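Topology and contacts: notes
Read off the chains here:
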Amino acid sequence: TQLLEQSPQFLSIQEGENLTVYCNSSSVFSSLQWYRQEPGEGPVLLVTVVTGGEVKKLKRLTFQFGDARKDSSLHITAAQPGDTGLYLCAGEPGRRALTFGSGTRLQVQP
Amino acid sequence: GAGVSQSPSNKVTEKGKDVELRCDPISGHTALYWYRQSLGQGLEFLIYFQGNSAPDKSGLPSDRFSAERTGGSVSTLTIQRTQQEDSAVYLCASQGLPDQPQHFGDGTRLSIL
């Protein structure tokens, strides 16, 4: 079974601070996706990274895929209260259904 | 509607009862997935339908769980003889082409008393 481990599990920070969330696996993934989920809603896709070493930016969010395609990180600059939510990484382990990490719950205090 | 629709949004039932959860995917999407999410956790794959192919049932946790997809559209997930450990949010997602993202519904929150 290909597992994805996320860290930290919980993160509570003040508005304006920077943070990084990590997603690690011992297995290689063809691609990794990052989702954000708010209470009572389904996950919403933020980005997909497919190439080892790839860096993608989405406004204040920077996503990186490790060179070996086993890990990924999400960095948020100058966090806002609107960034609060559950961040999930997910990979495709050779079938189309996704394998999800356990998530990082982020709370940004105003 | 434009998105994936799931019903009911909440379901409370007694242990031992059967439940049916419904998913209406985005029109034209050929792939449909069911996942389960325990409180504050990641999603656990349950079952996957692709067109008319036999479904991938490898994630179903026990034979009390089953799902069908009628006419390549609406899907129903059935849990028989529910147990307290079945309490979770059940999420459905649909997908068009393989390189397109999965679109999730808002889930059904199932509580077993």
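Relevant structure appears above.
Starting from 1, residues in each chain are numbered consecutively following that chain's sequence as written. Key to labels: chains lettered from A, ligands numbered from 1, both in the order written. pLDDT decides what is reported in this predicted model: residues at 70 or higher carry local features, side-chain atom pairs at 80 or more are listed and counted, and totals for whole chains, interfaces and linings draw on all residues regardless. Neither water nor hydrogens contribute to the side-chain values; these are computed over all heavy atoms in the structure.

Put simply, DSSP H or I for four residues or longer makes a helix, DSSP E for two residues or longer makes a strand, and each gets a number counted from the N terminus. Scanning chain B for helices and strands turns up zero helices and 10 strands. In sequence order, chain B lays out its α and β elements as β-β-β-β-β-β-β-β-β-β. It is over C-alpha atoms that the radius of gyration is taken, and the globule rule equals 2.2 Å times the number of residues to the power 0.38. Against the compact-globule benchmark of 13 Å for 113 residues, chain B has a radius of gyration of 13 Å, which places it among compact chains. Projected onto its principal axes, the C-alpha positions of chain B cover 40 × 25 × 25 Å.

Further remarks concern the state of the cysteines. Two cysteine sulfurs form a disulfide in these notes if their separation is within 2.5 Å. Applying the stated criterion to the full structure yields two disulfides over all chains. Here C23(A) pairs with C89(A) through a disulfide, and the sulfurs are 2.0 Å apart. Disulfide C23(A) to C89(A): torsion about the S-S bond roughly 75°, handedness right-handed. Here C89(A) lies in strand β9 (residues 85-91) and C23(A) lies in strand β3 (residues 19-24), a separation of 66 residues in the sequence. Burial classes follow relative accessibility: with a 1.4 Å probe on protein chains only, a residue under 20% of its type's maximum area counts as buried, one over 50% as exposed, and anything between as partly exposed. Under the relative-accessibility criterion, C89(A) is labelled buried at 0%. Here C23(B) pairs with C92(B) through a disulfide, and the sulfurs are 1.9 Å apart. Taking the torsion about the sulfur-sulfur bond, which here is approximately -65°, the covalent link between C23(B) and C92(B) counts as left-handed. Taken together, the residues C23(B) in strand β3 (residues 19-24) and C92(B) in strand β8 (residues 88-95) connect sequence positions 69 residues apart. The exposure classification of C23(B) matches that of C92(B), with both residues buried.

Okay, the packing of aromatic side chains next. In this description, an aromatic ring pair is defined by two values, namely the gap between the centres and the angle between the planes. All names here are of chain B. Stacked, tilted and edge-to-face are the three classes assigned to paired rings of Phe, Tyr and Trp, where Trp is represented by its six-membered ring and a pair needs centres within 6.5 Å; plane angles under 30 degrees give stacked, over 60 edge-to-face, the rest tilted. Under the defined criterion, the tally for this structure stands at nine aromatic pairs over all chains. Relative to F45, the ring of Y35 lies with its centre 6.2 Å away and its plane at 70°, an arrangement referred to as edge-to-face. Of this pair, Y35 sits in strand β4 (residues 31-37) while F45 sits in strand β5 (residues 43-50), placing them 10 residues apart in sequence. In this structure, Y35 and F45 share a single accessibility class: buried. Ring centres 5.6 Å apart and planes at 40° place the aromatic pair Y35 and F104 in the tilted group. Remark: F104 occurs in strand β9 (residues 103-104) and Y35 occurs in strand β4; sequence separation between them is 69 residues. Across the pair, F104 and Y35 agree in class, each one buried.

To continue, consider the side chain of T108(B). Residue and element names in this part refer to chain B. Mapped onto the fold, T108 is located in strand β10 (residues 108-112). The class for T108 is buried, based on a relative accessible area of 0%. Residues adjacent in sequence count toward polar contacts only when both atoms are side-chain atoms; beyond that, a polar contact is any pair of N or O atoms within 3.5 Å, and within protein one must be able to donate a hydrogen and the other to accept it. There is a polar contact of 2.5 Å between the side chain of T108 and the backbone oxygen of P8. By definition, residues are in contact when any of their heavy atoms lie within 4.5 Å. Excluding residues that lie within four positions of it along the chain, T108 makes contacts with Q6, S7, P8, S9, K11, L21, A88, V89 and Y90.

This brings us to unusual backbone geometry. With an omega dihedral of -10°, the bond running from S7(A) to P8(A) counts as a cis peptide bond. With respect to the secondary-structure elements, P8(A) resides in the loop between β1 (5-7) and β2 (10-14). A cis amide bond, omega -10°, links S7(B) with the succeeding residue P8(B). Summarising the element assignment, P8(B) is placed in the loop between β1 (5-7) and β2 (10-13). For K59(A), which is not glycine, the phi dihedral falls at a positive 55°.

Note that all results are geometric; they support no functional claim without further evidence.
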